Amino acid sequence: MIPSTKATVNKDWFSKMKKTAILVNTARAYVVDQKDLIEALENGDIGGAAIDVYWKEPVPVNHPLLKMRNVVCTPHMAGLTTDVDGWSGKMMGDEVIAYLKGEPRKFLWKLRK
C-alpha cells in the first residue's frame, strides 16, 4: 500500500459522483475507503460497485458488500486477462533464474501472517 493513495476514493469523492455512477476497483482495496463506500452504496449516493480487490482476503462471509444487490464481487482475478500468457511465464521464469543465481528478485511478495 502506498500511504499517499490510501482512501483517495472517499466520502468526498462519492459526493461528486452521479447517483447512477458505478465504482469499479481492480487496483488496490485501500485506494477506496471501505466504510465510505458501504455508506455511499447503502444511501444511494452511487448506483453500484464492482469489486475485485478486498481489504481483507479471504473476504469474510458476513462482509456487507457480499449482501448488496448493487455490488458485483469477483474473486481477485482481474489480472487474468487475455494477454497474461504473454508475460506471466517469462516473469516467473526470470524470478526462478534470479533465485538460483542468488540475485535479488524483482517480483517478491512477502506473506503476512
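A. Structural detail: the nonpolar core. Core analysis: the biggest nonpolar cluster contains 18 residues, and Phe 14, Leu 23, Leu 37, Leu 41 and Leu 65 have the highest contact counts within it. Only helix H2 (34-43) and strand S2 (48-51) provide two or more residues apiece to this core. Considering every element that reaches this core, the biggest residue donor is H2, with four residues.

B. How the structure looks around the sheet that holds S2. If you walk across this open sheet you meet the three strands as S1-S2-S3, and the pairing is parallel. The open sheet has two edge strands, strand S1 (22-25) and strand S3 (71-73), and neither has a second partner. Sheet twist, expressed as the average angle between the axes of neighbouring strands with direction ignored, equals 5 degrees. Pairing analysis gives three bridges linking S2 to S3, with the strands arranged parallel. The partner of Ala 49 across the bridge, within S3, is Val 71. Relative to the sheet, H2 contacts S1, S2 and S3, its axis offset from that of S2 by approximately 140 degrees.

Quick notes on the rules
- Residues numbered from 1 in each chain as written.
- Predicted model: local features only at pLDDT ≥ 70, side-chain atom pairs only at ≥ 80, totals over all residues.
- Heavy atoms only, no water.
- Core = buried A, V, L, I, M, F, W, Y, C linked by side-chain atoms within 4.5 Å.
- Buried < 20%, exposed > 50% of the residue type's maximum accessible area, 1.4 Å probe, protein only.
- Helix = DSSP H or I, 4+ residues; strand = E, 2+ residues; numbered from the N terminus.
- Pairing = 2+ DSSP bridges.
- Axes fitted to C-alpha atoms, helices over the stretch in contact; angles between N-to-C directions.
- Contact = heavy atoms within 4.5 Å.

Geometric descriptors of this kind do not, in isolation, establish any biological role.
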